[in-house]
Amino acid sequence: MTTEEETTNSIITTFKSLLEQAAVSKHHRTAEQATLLLDGGVSTYILETLLPQHNNNAQAAANSDDSAYKDRPPTSMISYNRALWSSSLLMSEEGCKLIKRAHLDFLNAGSDIISTVTYQCHYDKTVLASLNIDDVKMDELLRVGVRLAREALQEFQGRSVDRKDNNNVCNATSAPARQYFVVASIGCYGASLADGSEYTGNYDLSIVELSEYHRRKYAVLCGEMPDCIAFETIPCIDECLAILRLLNEPRGLTQQKPEEVANFPPVWISFACQDGQRLNDGHLLTDALDAIHCADPEANIVHAIGVNCCACKYVSSLVGTIARHAIAKESRRAIVFYPNSGEVWNAENESWEISTGENECSFASIVSDAIEIIDAELSSRCSGGEHIDVPMKIVGGCCRTDPDTIAAIRMQIAKAVTQ
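On a predicted model such as this, the values are computed, not experimentally measured, just so you know. (Residues numbered from 1 in each chain as written. Predicted model: local features only at pLDDT ≥ 70, side-chain atom pairs only at ≥ 80, totals over all residues. Heavy atoms only, no water.)

## Considerations on the packing of helix α12 (residues 315-329) against helix α13 (residues 360-379)
No. 1: Direction vectors running N to C along α12 and α13 enclose 30°, while the axes themselves pass 9 Å from each other. Overall, the two elements α12 and α13 adopt an arrangement that is roughly parallel. Seen from above, α12 lies across α13 with right-handed handedness. Side by side, α12 and α13 meet where Val315, Ser316, Val319, Gly320, Ala323, Arg324 and Ile327 of the first sit next to Ala370, Ile373, Ile374, Glu377 and Leu378 of the second.
No. 2: Looking at the contact of α12 with α13 residue by residue, the classes come out as eight nonpolar, two polar and two charged. (Axes fitted to C-alpha atoms, helices over the stretch in contact; angles between N-to-C directions. Helix = DSSP H or I, 4+ residues; strand = E, 2+ residues; numbered from the N terminus. Parallel < 35°, antiparallel > 145°, perpendicular 65-115°, else oblique. Left-handed = near helix turned anticlockwise from the far one by under 90°. Contact = heavy atoms within 4.5 Å. Nonpolar A, V, L, I, M, F, W, Y, C, P; charged D, E, K, R; others polar.)

Have a look at this one:
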């Protein structure tokens, strides 16, 4: 094993141990120590903010006679492919630069965890043919996604910035020993259809077929050894069962000893929900939680459970359900939640409907309230001065949340620590 591989395995072990810290007493950990801050909607931030900025600057440079522009390297306009969404930016050098910049923006805003821009990478033959690429090229795009996140993290950590003099919110509130991690994103099957199916979960595939859909992506990303792999926006019970089927295969039966599966990155599964109780396909969230517990009662293969890309108004109800289920099953899994801004995606018009979207401060307050709900559920099960087991919480934002949103959450968490 090379030094780099040993370092990577050490990081994975560290992250896995953080996810498994449910047995640590609340009296020995602060709210901030029990919470890891994920990034926000990386894809929407890139496509709606960074990409237009880049193209506007490229157009200005192309149309300008200013000598200042002529002294700079030429900048190409960037477009993206709807079928691969932001993942299509992995196909170009300029696109990769934007992705790396987005990672750095979220790290500067206070994120402990950055997620790869691989959510919509997939192997649909028709899509690949339209892009003139093959399965091997898609493998490489997945690998590039992880490497870009790693590079951004290394650049962020290597900067010689005087934190005391820096006005950035992250630096103003960060603990000196803060750790940072890369999570590899795997989107649901519906994302590959690019028709909003992740909002319904109405698939015409069997559990076996859904498992096969995820197999190659999971294997390729495991090979890059990210700190964690996230199966995201899972809208239906069948896809949950398919993922559990896949995860059990390389690791053997769930009775396998934890140390025997230590070389696999930890995994979280986050669900897309239509309201405060049900997945997008109509099944109760508790049905999915029961399925995971049944397949993996000792939390050897699924290390965190949660919700993402749901309206933030449903988060409190959803995380309360997850916390109560964890208590009932004596689960030591971490709880993860990262809702969207509250706006609704109109798949027909391919645009966001401005409705109940939250601003940065109100969004951060909702997230903070949800954290308190988890702890309150645990507290309600204890009496007197009994110590309380607090699961690790991973919080952040999904679609239409940006670095300003994450900075607001970081401030809210820091505020809770001082109260």
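## Topic: the layout of surface pockets
No. 1: Computed from the structure, the largest pocket encloses a volume of approximately 550 Å³.
No. 2: Along the wall of the largest pocket there are 35 residues; nearest its centre are Ser43, Thr44, Trp85, Tyr119 and Cys399.
No. 3: Counting residues per element, the ones that place at least two in the lining of the largest pocket are α2 (42-63), β4 (228-234) and β6 (304-311).
No. 4: For the lining of the largest pocket, the leading source of residues is α2, giving five residues.
No. 5: Within the lining of the largest pocket, the residues separate by chemical class into 16 nonpolar, 12 polar and seven charged. (1 Å grid on protein atoms, 1.4 Å probe; cavity = no way out; pocket = protein on both sides within 12 Å on 5 of 7 lines; lining within 4 Å. Points joined across faces, edges and corners; volume = space filled by probe spheres on them.)

## A word on the pairing of β4
No. 1: The buried fraction of β4 amounts to seven of the seven residues, a majority that puts the element mostly inside the structure.
No. 2: Alignment of β4 against strand β5 (residues 267-271), held across four bridges, turns out to be parallel. The partner of isoleucine 234 across the bridge, within β5, is phenylalanine 271. (Buried < 20%, exposed > 50% of the residue type's maximum accessible area, 1.4 Å probe, protein only. Pairing = 2+ DSSP bridges.)

## As for the packing of aromatic side chains
No. 1: The full count for this structure, using the stated rule, is seven aromatic pairs.
No. 2: Summarising the aromatic geometry, the rings of phenylalanine 156 and tyrosine 180 are spaced 5.2 Å apart at their centres and angled 80° between planes, so their arrangement reads as edge-to-face. One end of the pair, phenylalanine 156, is in helix α6 (residues 135-158); the other, tyrosine 180, is in the loop between α7 (169-173) and β3 (181-187), and 24 residues separate them in sequence.
No. 3: Residue classification places tyrosine 180 among the buried positions, given a relative accessible area of 9%.
No. 4: Between tyrosine 218 and phenylalanine 231, the aromatic rings sit 6.0 Å apart at their centres with planes inclined by 35°, giving tilted as the arrangement. On the criterion of sequence distance, the pair formed by tyrosine 218 in helix α9 (residues 207-223) and phenylalanine 231 in strand β4 is long-range, its members being 13 residues apart. Grouping residues by exposure puts tyrosine 218 and phenylalanine 231 together as buried. (Phe/Tyr/Trp six-rings, centres within 6.5 Å; stacked < 30°, edge-to-face > 60°.)

## Re unusual backbone geometry
No. 1: The phi torsion at alanine 194 lies on the positive side, around 50°, for a residue other than glycine.
No. 2: Its location among the elements puts alanine 194 in the loop between α8 (189-193) and α9.
No. 3: With phi around 55°, cysteine 309 is a residue other than glycine that occupies positive phi space.
No. 4: Among the secondary structure elements, cysteine 309 is positioned in strand β6.

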